[in-house]
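In case you want the letters, here they are:
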Amino acid sequence: AMEAEAEVRLLLQEAQESIEAARSYRRELEQRLQGLQQAREQIRETATLTREVLEQHFSDLKGTLKKLLDERLISLLQEVDTIEQESIKPLDECQKLIEHGVTTANDLLREGESAVHGDVGQQNEKLCSFTKKALHIQLDSLPEVPSLVDVPCLSAQLDDCLLTILKNEIFRHGTVASRPPVQLEEFVEKPGGILVRWCKVDDDFTPQDYRLQYRKSTASHFEDVYVGSETEFIVLHIDPNTDYQFRVCARGDGRQEWSPWSIPQIGQTTLAPHEWTAGLEGYSLSSRRNIALRNDSQSCGVLYSKAPTYVCGQTLTFRQVLPGIETVGQPDRRDSLGVCVEQQNGSDSLQRDKAVCVSTNGAVFVNGKEMTNQLPAVTSGSTVTFDMEVVQLGPSSSEGGNFKLRVTISSNNREVVFDWVLDQCCVSLYFGCSFSYPGWKVLVF
């Protein structure tokens, strides 16, 4: 009985496993069916959109072509009218002259016949008057009439070359692509932004420029966010935990038209944007509080981030934004950009303990001490980046012992790398800046 019961339990277990396997198999099949349905919908939606684009484009072409042909026809007809009027005008004048001559000759004939056949008593006087009039009229002078070879003979010079050219161009005009030459490749979360990367997937396509667009998933229209030759771009002003759709296209080398759009893809960031602390006298902030402008207040101090939002493993970027003039503020040896473990109100610079920073002249400070290595000076449009990774020292490093961060600071294609030793575990840091004179304007992301 025990063996039978064990056998039943084994069969039940095998049956349960088979049921679970069947459920898993069904789920996989359902997912594949869903994938097929999505693929079918994509084909149908893009085919419908392509038809609409083609119909609209060729409708516009037909309208434009008809308009151009009508304008050309009107121009040629006006040219015919002008030639006709200019050519007939002298003929009309000549006709008037001849008709006047005919009338004069008729009158002269009647007068001459009257003089010849008139009364004998008055005949002498009439014949004398008639003879004088005939001599005055100059009956041997005739107006010149142009021969047919000397007058215009209008004709329309039309040939089939235009139709041949149009036919060849029309047959070559437009293509239908089943796959765009560029596709979105990767989304990387950034604080308040997304780094979008794309790649070329058509080996026969030589790109000159790329065009990136995005829209919030609730919006109806895409908008341009980048046009250029790079294959990646950081899209800022992104609301955290919100879906955005992205698409990219390219323009071939030496061409004006853009390629078809890539398949739209959804990206989002879960990282809150970096923000400066509001309310510090001496600094004015943008509406999103990611740009700080040193104003003309006499107050000095360090402007810190609102919270320790810089996390090791990410890249922190400071960019010197043009403040509407071509020069930045006057430099000072205490001016700095950098990160720190904690805020220290009352300090006038980041060149202090528990902080690493770069001064505006390119000097690098670690815990207040200047390093030998130096970076280029910060000028208009300069970008300074901080990258940090944790390097553990000993098993008790997370319990208050030595804690080391490997720091890489880059500026204008140069970088310095060093280890920053702290006495406490710290993977979330504040960032800050300090400027003594007005005119400095810094974007952080």
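Conventions used here
- Residues numbered from 1 in each chain as written.
- Predicted model: local features only at pLDDT ≥ 70, side-chain atom pairs only at ≥ 80, totals over all residues.
- Heavy atoms only, no water.
- Pairing = 2+ DSSP bridges.
- Helix = DSSP H or I, 4+ residues; strand = E, 2+ residues; numbered from the N terminus.
- Axes fitted to C-alpha atoms, helices over the stretch in contact; angles between N-to-C directions.
- 1 Å grid on protein atoms, 1.4 Å probe; cavity = no way out; pocket = protein on both sides within 12 Å on 5 of 7 lines; lining within 4 Å.
- Points joined across faces, edges and corners; volume = space filled by probe spheres on them.
- Nonpolar A, V, L, I, M, F, W, Y, C, P; charged D, E, K, R; others polar.
- UniProt positions renumbered as here; feature names shortened; annotations may be inferred.
- Expected span 1.5 Å × (residues − 1).
- Bend = angle between axes of the 7 residues up to and from the residue.
- Buried < 20%, exposed > 50% of the residue type's maximum accessible area, 1.4 Å probe, protein only.
- Domains from an automatic or database assignment.
- Contact = heavy atoms within 4.5 Å.
- Polar contact = N/O pair within 3.5 Å; in protein donor to acceptor, adjacent residues only side chain to side chain.
- Phe/Tyr/Trp six-rings, centres within 6.5 Å; stacked < 30°, edge-to-face > 60°.
- Lys NZ or Arg CZ within 6 Å of the ring centre and 35° of its normal.
- Patch = residues over 30% accessible without salt bridge, like charges linked within 9 Å, V, L, I, M, F, W, Y side chains within 5 Å.
- Areas by Shrake-Rupley, 256 points an atom, 1.4 Å probe, with all protein chains shown as cover.
- Salt bridge = Lys/Arg side-chain N within 4 Å of Asp/Glu carboxyl O.

Participant: For this particular structure, what's the right way to read the sheet that holds strand E3 (residues 207-216)?
Facilitator: Strand pairing in a sheet relies on backbone hydrogen bonds, with the paired strands running either antiparallel or parallel. Strands sit in the order E4-E3-E6-E7 across an open sheet of four strands; the sheet is antiparallel. Looking at which strands have only one partner, the edges of the open sheet turn out to be strand E4 (223-228) and strand E7 (265-267). Direction aside, neighbouring strands of the sheet carry axes that sit 30 degrees apart on average. Relative to E7, strand E6 (residues 244-252) runs antiparallel, the two sharing three bridges. The partner of Tyr-244 across the bridge, within E7, is Gly-267.

Participant: Please explain the sheet that holds strand E5 (residues 232-235) as it appears in this structure.
Facilitator: Read from one edge of the open sheet, three strands run E1-E2-E5, paired in antiparallel fashion. Unpaired on one side and paired on the other, strand E1 (182-190) and E5 mark the two borders of the sheet. Adjacent strand axes in the sheet meet at a mean angle of 20 degrees when their direction is disregarded. Both E1 and strand E2 (residues 193-200) contribute to a ladder of eight bridges, which runs antiparallel. Considered in E2, the bridge of Val-182 is made with Lys-200.

Participant: So what exactly am I meant to see when it comes to empty space enclosed by the protein here?
Facilitator: Left-over empty space is what a probe sized like a water molecule reveals as it rolls over the atoms. Under the criterion given, the structure shown has two cavities of 30 Å³ or more. If you add up the space inside the largest cavity, you get close to 50 Å³. Lining the largest cavity are Cys-300, Gly-301, Arg-334, Asp-335, Asp-348, Ser-434, Phe-435 and Ser-436. A class-by-class count of the residues in the lining of the largest cavity yields two nonpolar, three polar and three charged. Counted as a void, the second largest cavity has a volume near 30 Å³. In terms of lining residues, the second largest cavity is bounded by Phe-318, Arg-319, Gln-320, Leu-337, Val-378, Ser-382, Val-384 and Val-442.

Participant: When you look at the UniProt feature "domain: Fibronectin type-III" (unreviewed entry) in the protein in this model, what are you seeing that I'm missing?
Facilitator: The UniProt entry lists residues 180-273 under the feature "domain: Fibronectin type-III" (unreviewed entry), expressed in the numbering used here. Along residues 180-273 one finds 0% helix and 52% strand; the C-alpha atoms at either end are 33 Å apart.

Participant: Honestly, helix H1 (residues 2-116) in this entry has me stumped. Any pointers?
Facilitator: One turn of the α-helix equals 3.6 residues, which is why residues spaced by three or four share an orientation. Between its first and last C-alpha, H1 extends 166 Å over 115 residues, near the 171 Å set by a 1.5 Å rise per residue. The sharpest bend along H1 reaches about 25 degrees and sits at Ile-88, with the proline Pro-90 one to four residues further on. The complete set of buried residues in H1 reads Cys-94, Leu-108, Gly-112 and Ala-115.

Participant: Just to check I follow, could you spell out the domain arrangement of the protein for this structure?
Facilitator: One frequent convention defines the size of an interface as the accessible area lost when the parts assemble. According to the domain assignment, the protein consists of domain 1 (20-172), domain 2 (182-269) and domain 3 (283-444). Using only C-alpha atoms to locate each centre, domain 1 and domain 2 end up separated by 52 Å.

Participant: Sorry, what's going on with the environment of Ser-297 here?
Facilitator: Mapping Ser-297 onto the fold places it in the loop between strand E9 (291-294) and strand E10 (303-304). Residues Ser-297 and Ser-436, 139 residues apart in the sequence, show an inter-C-alpha distance of 9.6 Å. Sequence-distant contacts of Ser-297, that is, excluding residues within four places in its chain, are made with Glu-281 and Gly-282. Here Glu-281 takes part through its side chain, which lies 3.4 Å from a polar atom of the side chain of Ser-297. Of note is the side chain of Ser-297, whose polar atom sits 3.2 Å from the backbone nitrogen of Ser-299.

Participant: Sorry if this is basic, but what is going on with the packing of aromatic side chains here?
Facilitator: The geometry of two aromatic rings is summed up by the distance between their centres and the angle between their planes. Evaluated as defined, the whole model comprises 11 aromatic pairs. Centroid distance Trp-276 to Phe-318: 6.3 Å. Interplanar angle 35 degrees. Geometry classified as tilted. Here Phe-318 lies in strand E12 (residues 315-320) and Trp-276 lies in the loop between E7 and strand E8 (283-285), a separation of 42 residues in the sequence. For Trp-276, a relative accessible area of 0% corresponds to the buried category. The residue whose ring lies beneath Arg-294 is Tyr-283, and the NZ or CZ to ring-centre distance is 5.5 Å.

Participant: I keep staring at a nonpolar patch on the surface and nothing clicks. Help me out?
Facilitator: Taken together, the side chains of Leu-54, Phe-58, Leu-61 and Val-176 present a nonpolar region at the surface, about 330 Å² in accessible area. Here Phe-58 shows up in helix H1.

Participant: Help me understand the pairing of strand E17 (residues 383-392), please; the structure alone is not making it clear to me.
Facilitator: In summary, the side chains of a regular strand alternate between the two faces of the sheet. The sheet contact formed by E12 and E17 spans five bridges and is antiparallel. Across the sheet, Arg-319 pairs through a bridge with Thr-383, a residue of E17.

Participant: Looking at this structure, how should I read the layout of surface pockets?
Facilitator: Reported here for the largest pocket is a volume of approximately 1800 Å³. Surrounding the largest pocket, 41 residues form its lining, Thr-50, Ala-177, Ser-259, Pro-260 and Trp-261 being those nearest its centre. At the level of elements, H1 and E6 are the ones that each hand at least two residues to the lining of the largest pocket. Tallying contributions element by element places H1 first for the lining of the largest pocket, with 14 residues. Residue composition of the lining of the largest pocket, by class: 19 nonpolar, 13 polar and nine charged.

Participant: Looking at this structure, I do not really get unusual backbone geometry. What am I missing?
Facilitator: Glycine aside, negative phi is the norm for most residues, and most peptide bonds take the trans geometry. In this structure, His-237 takes a positive phi of about 60 degrees despite not being glycine. As for its placement among the helices and strands, His-237 is situated in the loop between E5 and E6. Positive phi values are uncommon outside glycine, yet Asn-367 reaches one of about 55 degrees. Along the chain, Asn-367 falls in the loop between strand E15 (363-366) and strand E16 (369-374). Classification of Asn-367 by relative accessible area gives partly exposed; the value is 25%.

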